[in-house]
Amino acid sequence: MDHTMKRLLLLAFLSLNIFGVSADTLTLKAGHPDTYVVKKGDTLWDISGYFLNDPWRWPKLWGVNPQIANPHLIYPGDRLTLVFIDGQPRLVVKQHIKKSPEGRVASKNGPIPAVDLALIQPYLTQNRVVDPAWFASLPMVMSGESPSLHHVVSDIIYVNAPLEVGLKVAMYETGREFFASDREGMLGQEMILASSGRVIESGPISKVELLSSLRETKGGFKVAPVEDEALMSAYFIPKAAELTVPTSILAINGKIREAGKLDVVYIDRGSEDGVETGHVFSMFRDGEIITYDNEGMPVRALDRSSYDKVLAHFAEETSHKMPDIFHGNLLVFKVFDKTSLGLIMFNEIPVRTGDKLAKPEPLTLKGD
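Residues numbered from 1 in each chain as written. Predicted model: local features only at pLDDT ≥ 70, side-chain atom pairs only at ≥ 80, totals over all residues. Heavy atoms only, no water.

J.: Would you explain the packing of aromatic side chains in this entry?
T.: What describes a pair of aromatic rings is the distance from one ring centre to the other and the angle between the planes of the rings. Counted according to the given criterion, the structure contains four aromatic pairs. Arranged with centres 4.8 Å apart and planes meeting at 50°, the rings of Phe 178 and Tyr 266 form a pair that is tilted. A residue pair is termed long-range when its members are at least 10 positions apart, and Phe 178 in strand S7 (residues 168-179) and Tyr 266 in strand S14 (residues 264-267) qualify at 88 residues. Of the residues examined, Phe 178 reaches a relative accessible area of 4% and is grouped as buried. Look at Tyr 266 and you get buried, because its relative accessible area is 0%. An aromatic cluster is built from Phe 284, Phe 326 and Phe 346, whose rings are joined through pairwise contacts. (Phe/Tyr/Trp six-rings, centres within 6.5 Å; stacked < 30°, edge-to-face > 60°. Helix = DSSP H or I, 4+ residues; strand = E, 2+ residues; numbered from the N terminus. Buried < 20%, exposed > 50% of the residue type's maximum accessible area, 1.4 Å probe, protein only.)

Here's what the structure looks like:
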């Protein structure tokens, strides 16, 4: 191989390494700090937000560091330092070493979580979406020893089924029925937790003592065994959702019209579609439809005249859909068969029912 060819191959190699950006390359945020001291109330997502444009990718930021591979080793007071390993940014814990023998004093607050678990803890047991036939088969509250129509903690209620004495049960109010526009049949029946209790007497009509109450329990509420909390891990690894089917926001918790950061929403896919706890989605609003008027000028949907609307209806070639608009990320924290619950981690515009969800793409612009 002649000298000129060697130089050309070397130049090509250097160009690939200097200018090529791998899809798995972390992007540091402009103005990021070099060190950070963990504070009470921090989460892994929050800390990564100081360093990365894509904070949901924090596992890679800390993945190769054995000190931090287990997030339970990160406590308030730890000093994190940004270093580069094989050209990739990494956070490491640099502990202060004293000459005298001394064990590490763990924070009373415990290790920091991936996200603020206080935001989603109520939904781990309160909200369920189940098969409508199963829901319909559940026994129900008939009445109670108290003449009141509403029952609270320490009240005895009657349930129209033989239940095992000592069994822990939960009473659920009937919620919404969820449907998807692109599929037949119901996606599931929402159950809203009202109270919990323990069976104290079994028979055709069983007696249940109410032990906790989120809202007043009434006749007609459904009764089911207490959901196994062990099914939901308190810690999970965020990862990009890679679904091949259209996915969207199905409903907003609390029946409000729009949602924002740290609000909880339902999405219209579940375990049957490959959704997993920890999946991260990017949220998109439908791009605007632009049409041409009779003079050939572009017209927004809001500015169309009656004539423009008729023209757009009959002449598809005059309508052009603009690109969908990215407006935030969503983290799935609980999965049902056909639906899931997600937490909005950030948003740039209000989130609405019907907004599209897609695999999050890492930002490619590099910080200073």
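J.: What's the story with the confidence of the model for the chain in this structure? I'm lost.
T.: Close inspection of predicted coordinates is inappropriate in any region flagged by low pLDDT. Residue-level pLDDT values for the chain average 80, and 76% of them are 70 or greater. Segment residues 101-108: pLDDT under 50, and seven contacts once partners within four positions in sequence are set aside and those in other chains are kept. (pLDDT = per-residue confidence, 0-100. Contact = heavy atoms within 4.5 Å.)

J.: Hey, could you run me through the nonpolar core in this one?
T.: One recurring pattern in soluble globular proteins is that nonpolar side chains are buried together. The biggest cluster of nonpolar side chains holds 20 residues, and the ones touching the most others in it are Trp 45, Phe 178, Tyr 266, Phe 333 and Leu 341. Those elements giving two or more residues to this core turn out to be helix H4 (117-125), strand S12 (247-252), S14, strand S19 (325-335) and strand S20 (340-347). When residues of this core are assigned to their parent elements, the largest contribution, three residues, is made by S20. Those residues within four positions of Trp 45 in sequence are excluded, and the remaining contacts are Pro 55, Trp 56, Trp 58, Ala 114, Val 115, Pro 238, Val 280, Leu 331 and Met 345. Listed in part, the 18 residues of the second largest apolar core include Leu 52, Trp 58, Trp 62 and Leu 80. (Core = buried A, V, L, I, M, F, W, Y, C linked by side-chain atoms within 4.5 Å.)

J.: Looking at this structure, how should I read the sheet that holds strand S3 (residues 88-93)?
T.: Hydrogen bonds between backbone atoms are what pair the strands of a sheet, whose relative direction is either parallel or antiparallel. Spatially, S1-S2-S3 is the arrangement adopted by the three strands of the open sheet, whose pairing is antiparallel. With partners counted over all chains shown, the strands left at the sheet margins are strand S1 (35-37) and S3, one partner each. Taking each pair of neighbouring strands and ignoring which way they run, the sheet shows an average axis angle of 30°. As paired strands, S1 and strand S2 (residues 79-85) are joined by three bridges and run antiparallel to one another. Bridge pairing links Thr 35 to Thr 81 in S2. Its contacts with the sheet put helix H2 (residues 44-51) on S1, S2 and S3, and the angle it makes with S1 is roughly 150°. (Pairing = 2+ DSSP bridges. Axes fitted to C-alpha atoms, helices over the stretch in contact; angles between N-to-C directions.)

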